[in-house]
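# Architecture at a glance
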Amino acid sequence: MIELEGMQMAIKVLPVTGEQPDLLSAAIALGDRYAKRLGLLTPPAYRKYADNGGLLVALEGDELVGYALFGLPKRSQYVRLSTCVWQRNAEGTGSLGS
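The structure presented is a predicted model; accordingly, all values stated were derived computationally and were not measured. (Residues numbered from 1 in each chain as written. Predicted model: local features only at pLDDT ≥ 70, side-chain atom pairs only at ≥ 80, totals over all residues. Heavy atoms only, no water.)

All right, on to the packing of aromatic side chains then. Taken as a whole and assessed by the stated rule, the structure comprises one aromatic pair. Ring plane angle 65° and centroid distance 5.7 Å describe the contact between Y46 and Y67, whose orientation is recorded as edge-to-face. Remark: Y67 occurs in strand β5 (residues 63-71) and Y46 occurs in helix α3 (residues 43-51); sequence separation between them is 21 residues. Neither Y46 nor Y67 differs from the other in exposure class; each is buried. (Phe/Tyr/Trp six-rings, centres within 6.5 Å; stacked < 30°, edge-to-face > 60°. Helix = DSSP H or I, 4+ residues; strand = E, 2+ residues; numbered from the N terminus. Buried < 20%, exposed > 50% of the residue type's maximum accessible area, 1.4 Å probe, protein only.)

This is how it looks when you write it as structure tokens:
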């Protein structure tokens, strides 16, 4: 359970592969929703992150509320966070990334 600005939510964080089209499509839709802030990533870019183990989604119940795209290190000890998106749950409450 995590708490965001006074709201308690049960959030599950799961890795996504290219073989999970429902979660992959939901992450793409959320990214498209915030494309003005993030820039537009193409569906193949999301699939590449997923296939390389670099897509995590956050679920509240069955609803996708956020995701992170990241690169796993090849020669470095550091993970490279490319994008982190968190959906606003209600107007005026705000959340991470809003």
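Having put the structure on the table, let's press on.
Turning to α3, its buried residues are Y46, Y49 and A50. Buried positions in α3, seen along its axis, are confined to an arc of 100° and lie on one side of it. Summarising the geometry of α3, the exposed residues directed more than 90 degrees from the buried face are P44 and K48. Contacts from the buried residues of α3 go to α1 (21-33), β4 (55-60), β5 and β6 (80-86). G53, located one to two residues past α3, shows a positive phi value of around 80°. (Arc of directions from axis to C-beta. Contact = heavy atoms within 4.5 Å.)

Next up on the list: the side chain of T83. Along the chain, the position of T83 falls in strand β6. Note on T83: relative accessible area 13%, which makes it buried. If we skip the residues at most four places from it in the chain, T83 touches L38, L41, Y67, A68 and L69.

Given 3.6 residues per helical turn, the α-helix brings residues three or four places apart onto the same face. End to end, α1 covers 18 Å across 13 residues, agreeing with the expected 18 Å (1.5 Å per residue, within 8%). Within α1, burial applies to L23, L24, A27, I28, L30 and G31. The buried residues of α1 all sit within an arc of 165° when viewed along its axis, so they share a single face. Facing away from the buried side of α1 by more than 90 degrees, the exposed set consists of D22 and R33. Contact partners of the buried residues in α1: α2 (35-38), α3, β4, β5 and β6. (Expected span 1.5 Å × (residues − 1).)

So, about the confidence of the model for the protein. Detailed conclusions should not be drawn from predicted coordinates in areas where pLDDT is low. Of all residues in the protein, 81% have pLDDT values of 70 or greater, and the mean over the chain is 82. Predicted confidence is poor over residues 90-98, with pLDDT under 50, and the contacts of this stretch with residues over four places away or in other chains come to 14 contacts. (pLDDT = per-residue confidence, 0-100.)

Before going further, it helps to examine a positive patch on the surface. A contiguous patch of positive charge on the surface is contributed by K48, K74, R75 and R80. Residue position: R75 is located in the loop between β5 and β6. Relative accessible area serves as the criterion here: at 85%, R75 is assigned to the exposed category. (Patch = residues over 30% accessible without salt bridge, like charges linked within 9 Å, V, L, I, M, F, W, Y side chains within 5 Å. Areas by Shrake-Rupley, 256 points an atom, 1.4 Å probe, with all protein chains shown as cover. Salt bridge = Lys/Arg side-chain N within 4 Å of Asp/Glu carboxyl O. Lys, Arg positive; Asp, Glu negative; His and termini not counted. Charge placed at Lys NZ, Arg CZ, Asp CG, Glu CD.)

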